Amino acid sequence: MGKLWAHGALSFATFYEMRPLRSFTVRVQLPARLEPLREVAMNLRWSWDQRTRDLFRWVDPDLWETCEGDPMRILDEVSPARLAELAEDASFLAFMEEVRAELVRHVTGPNWFGGRQSPLSSVAYFSPEFAITEALPQYSGGLGVLAGDHLKAASELGLPLVGVGLFYRQGYFMQHVNTEGRQHEHYPTQDPHSMPVEGTDELRISVELAGSPLYGRVWRAEVGKISLYLLDTDCDENDGERKRIADRLYGGDVEHRLQQEILLGIGGVRALEAMGIRAQVFHTNEGHAGFQGLERIRTLVTKEGLGFDEALEAVRASTLFTTHTPVPAGIDRFSEELMRKYFSSFAEECGIGFERLMELGHAPGDEPSAPFNMAVMGLHLAGMSNGVSKLHGEVSRSMFGNLWPDLDTPEIPITSVTNGVHGPTWIAPEMADLFTKAVLPGWNEAEAASWKRVHSIPDDRLWRAREQGRQRLVAFARRKLRDDLLSEGSDGSDLGWCDEVLDPTICTIGFARRFAPYKRATLLLSDPERLRALLLSPDHPMQLVFAGKAHPADEPGKQLIQTIVNFARDPEVRHRVVFLQNYDMQVGRSLYRGADIWLNTPRRPMEACGTSGMKAALNGALNCSVLDGWWDECFDGENGWAIPSAEHEEDLAARDKAEAEALFNLLEQQILPLFYDRRTAGLPREWLARVKHSVASLAPKVLGSRMVKDYTTDLYEPLAKRSQTMAADGFAAARELAAWKERVRKGWREVAVEAGEDTESAAEVGTTRWVEARVNPGVLDPSEIEVQLLHGPVVGDDSLSAAETVTMALDGENADGTLRFRGGFECRRSGRYGFAIRALPKYKDLASPVEVGLAAWAGD
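Residues numbered from 1 in each chain as written. Predicted model: local features only at pLDDT ≥ 70, side-chain atom pairs only at ≥ 80, totals over all residues. Heavy atoms only, no water.

K.L.:
For this particular structure, what's the right way to read the sheet that holds strand β19 (residues 577-580)?
P.N.:
Whether parallel or antiparallel, the strands of a sheet pair through hydrogen bonds between backbone atoms. Spatial ordering of the open sheet is given by β19-β18-β17-β20-β21-β22, a layout of 6 strands whose pairing is parallel. In this open sheet, the two strands that pair with only one neighbour each are β19 and β22 (640-643). Taken over all neighbouring pairs, the strand axes of this sheet differ in orientation by 20° on average, direction set aside. As paired strands, strand β18 (residues 542-547) and β19 are joined by 4 bridges and run parallel to one another. By the bridge assignment, Leu-544 is partnered in β19 with Val-577. (Pairing = 2+ DSSP bridges. Helix = DSSP H or I, 4+ residues; strand = E, 2+ residues; numbered from the N terminus. Axes fitted to C-alpha atoms, helices over the stretch in contact; angles between N-to-C directions.)

As structure tokens, then:
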């Protein structure tokens, strides 16, 4: 119990930690005329709309800064006197109504998707984290930022999409770096009632966890016209331990992680069903939400009477899986013991053995007791799959090629959609103004031709915008550094030097991302004396601003932070190097807007995409990066710099040394001299020309509108059509496809292909080469087999390069009962040339010719 003592006019209370019997929300009562403020504040469109942010800045400019630009906090803390004053301010009321009308037009007005004749009716986008704004801290880093930008771009394009995630009461950790440079984590509890989310108090969903129910409530955030639903386990129906299942993002042990992913996947589907939301396409952003597919299979089995494999085909037809992981170590795996504990009843309910369930998370050849791989399940349950850059697509096809052992790596059915970023969220107001005038008022959806007009921006205006971004970064870094040091216990009287940290006129290099060893944040620190010379150069000085968190369990990542922090605290260079603690969206925006160079130093090809450089580029920064992720496909030789990769070097230390040497050479010989070349009117003309080319060439490729359009046309809409086909007439097509696959898999071992006799050892350019094949179809009908002729140049390792495919025609039956197929191709070039022949299963409702993963090759 709490105790209360009274002394004169003062009362003193002490409280022990306890849960209240009931809790409720106390909110400021707004004057009737100002009620639209709450409506506007509850829609997170304010996080990217400048006029909405200006509206709340007008409410109280000082409070806007104190509340870190959070409209809900402002409305809770603004004084009644100020509210009364605003309620009588005609200019404020008029502006408020304009902003509200703009929100209504955004939600209900015409848009890109509305102008399409699309088969797509709705998408459910599942992700373990969403970064919409720092006022709703439900994210750790790149995956969440990508998910947030996806929702924002979908809202602007008018896509019929909802988001599904978890509400973490403690979010991701707050970072604190101590006097020794060591990262420590703390987890402040968040109150959803003070955030821009609305609760569905009457709605509860439940999922089974090892034989007993886990309950979840649902919070809804409005992101423009997109609804984001977040499941929370802190509700009265759960006991103390279960209330904490959704406490921390990426927290707890492996079993805790499994429980969260069950809630996200299975609970997310049940939440949509309970709210009457019938999604047509399900998009799983990484494997964490993969159990949504299992729940949909269970529903089809128990409510529609489908068999397990029939339900699997129906679910696959409407599921997209996006992998963000370029290394196997980044994939969630769960032991057979844990899976049996949590999913044995699921297998029984679906009428299958537990071993069949485990096969969904196994590759061919895996032992039955092998850990259950969430990415493998994601691929098995998805009709379409993609990586997040062209290079990452190649890496993914190689990494998961063992799921399709009969296919060559380039044919593995994993495509790619390169990530994009939501420009209005990240771009500085000055740069946005330049784009509005030079490109288009709606520059965020502009095509490549419009972006060429960036070259018309006067150099002096562009340079001024870049200077303003750098000046604000310097001011932000000084203020934050002082606050961080004070929080460590430093004496404020000894922190005068913080006011001299960084120089707003010096070339500023930004590096902000998760601190993982492969990202090599300390590459420049590998030669500290050479780095000092660059930092302190009298002619071409530079300065470094770092930010980022290491996962709490990543000790090597923490050591990288410690190395940088301790270097930055050296009195000789501390005015040139800063580490900004607690990297979040606010810190990121300051860096993207103020950096002149965006540095990225991963070991190729371990970066799936890396969108931070995209945000910096939109703000006029130039990228200096290893050719990895998005930069590999977007670098054109003139829109930034490429750090040569020594990936052929197996010794990692030798590789890092070689790439550090290359980076230093770029800085010393190209980047810094170009930045400080002011021979014409005091402006760095050549630098600005490169900035303009960077923006013009990159903006149409990196914007989130391009990304979401690609997802819609290339993946969502084809899946929508296929899901309609599979669901028609009581899922008749799904039932037939499942039966056909079972029969083909059993009979495929009898299929054999042989090449016909071929005595020609040479051909002339321009002639047609005809090829015959003999095929034994076994028990299959000839109509169920497609015979293909693959031809192309032969490269050094005797493999076909850039092979083209020709479907061979059935040309009769041989005397021995085999089928004769014939096809031809034109020899278009001289040199070594070759061909191969194979047979694939053929069926009208396959998503792709290689979907089944079976092939019979001539010569095998």
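Still more to cover.
K.L.:
Would you explain the sheet that holds strand β26 (residues 804-807) in this entry?
P.N.:
Reading across from one edge, β26-β25-β29-β30 is the order of the 4 strands in this open sheet, with antiparallel pairing throughout. Here the strands that pair on one side only, and so sit at the sheet edges, are β26 and β30 (856-857). Inspection of the sheet shows strand β25 (residues 785-793) paired to β26 by 4 bridges, in the antiparallel sense. When the sheet's bridge partners are listed, Leu-789 is paired in β26 with Val-806.

K.L.:
Is there a simple way to explain the pattern of salt bridges in this structure?
P.N.:
Once their charged atoms are close, side chains differing in charge can pair, the charge on each being opposite to the other. In the structure shown here, the tally under the stated rule is 67 salt bridges. Arg-257 serves as the salt-bridge partner of Glu-261, at 3.5 Å between the closest nitrogen and oxygen. Pair noted here: Glu-261 and Arg-257 are both in helix α9 (residues 254-274), with a separation of 4 residues, about one helical turn. Glu-261 gets classed as buried once you look at its relative accessible area, which sits at 3%. A single network of salt bridges, built from pairs that share partners, joins Glu-313, Arg-316, Arg-722, Lys-741 and Glu-851. (Salt bridge = Lys/Arg side-chain N within 4 Å of Asp/Glu carboxyl O. Buried < 20%, exposed > 50% of the residue type's maximum accessible area, 1.4 Å probe, protein only.)

K.L.:
Is there a simple way to explain the packing of helix α25 (residues 652-675) against helix α26 (residues 685-702) in this structure?
P.N.:
The geometry of a pair of packed helices is captured by two quantities: the angle between their axes and the separation between those axes. The interhelical angle for the contact between α25 and α26, taken along N-to-C directions, is 105°, at an axis separation of 7 Å. Between α25 and α26, the interaxial angle falls into the category roughly perpendicular. In this structure, α25 uses Ile-671, Leu-674 and Phe-675 to contact α26, whose residues at the interface are Glu-686, Trp-687 and Arg-690. Of the residues in the contact of α25 with α26, the class split is 4 nonpolar, no polar and 2 charged. (Parallel < 35°, antiparallel > 145°, perpendicular 65-115°, else oblique. Contact = heavy atoms within 4.5 Å. Nonpolar A, V, L, I, M, F, W, Y, C, P; charged D, E, K, R; others polar.)

K.L.:
So what exactly am I meant to see when it comes to the confidence of the model for the protein here?
P.N.:
As a general rule, the predicted coordinates of low-pLDDT regions are not to be interpreted in detail. The share of residues in the protein with pLDDT of 70 or more is 97%, and the mean pLDDT across the chain is 94. Here residues 1-16 is modelled with pLDDT under 50, and outside its nearest four sequence neighbours on either side it reaches 18 contacts, counting other chains as well. (pLDDT = per-residue confidence, 0-100.)

K.L.:
Help me understand α26 in this model?
P.N.:
Every α-helical turn comprises 3.6 residues, leaving residues that sit three or four positions apart pointing alike. The first and last C-alpha atoms of α26 sit 25 Å apart over 18 residues, in line with the 26 Å expected at 1.5 Å per residue. Counting buried positions along α26 yields 13 of 18 residues, so the element is predominantly enclosed. (Expected span 1.5 Å × (residues − 1).)

K.L.:
Where do I start with unusual backbone geometry in this structure?
P.N.:
What is expected of a backbone is that most residues other than glycine have negative phi and most peptide bonds are trans. Cis peptide bonds are those with omega within 30 degrees of zero, and the linkage from Arg-604 to Pro-605 qualifies with 5°. With respect to the helices and strands, the residue Pro-605 is situated in the loop between β20 (597-600) and α23 (612-618). With a phi close to 80°, Glu-286 is a non-glycine residue in the positive phi region. The buried category is assigned to Glu-286, whose relative accessible area is 7%. Of note, Leu-502 is a non-glycine position whose phi angle comes to about 65°, a positive value. Following the sequence through the fold, Leu-502 ends up in the loop between α19 (459-487) and β17 (507-512).

K.L.:
Could you clarify how one ought to interpret the side chain of Thr-325 in this entry?
P.N.:
If you trace the backbone, Thr-325 turns up in the loop between β12 (319-322) and β13 (333-334). Leave out the neighbours within four places in its chain, and Thr-325 touches Glu-286, Gly-330, Ile-331, His-392 and Met-399.

K.L.:
Help me understand the packing of aromatic side chains in this model?
P.N.:
Given two aromatic rings, one states the distance between the centres and the angle between the planes to describe the pair. What the rule picks out here adds up to 29 aromatic pairs. When the centroid spacing of 5.9 Å and the interplanar angle of 35° are considered together, the rings of Trp-641 and Trp-687 count as tilted. Separated by 46 residues along the polypeptide, Trp-641 in strand β22 and Trp-687 in helix α26 bring together distant segments of the chain. Taken together through their ring pairs, the aromatic side chains of Trp-463, Trp-641, Phe-675, Tyr-676 and Trp-687 make up a single cluster. If you follow Arg-248 out to its NZ or CZ, it ends over the ring of Tyr-187, 3.6 Å from the centre. One Lys or Arg, Arg-296, reaches over the ring of Phe-282 and ends 3.8 Å from the middle of that ring. (Phe/Tyr/Trp six-rings, centres within 6.5 Å; stacked < 30°, edge-to-face > 60°. Lys NZ or Arg CZ within 6 Å of the ring centre and 35° of its normal.)

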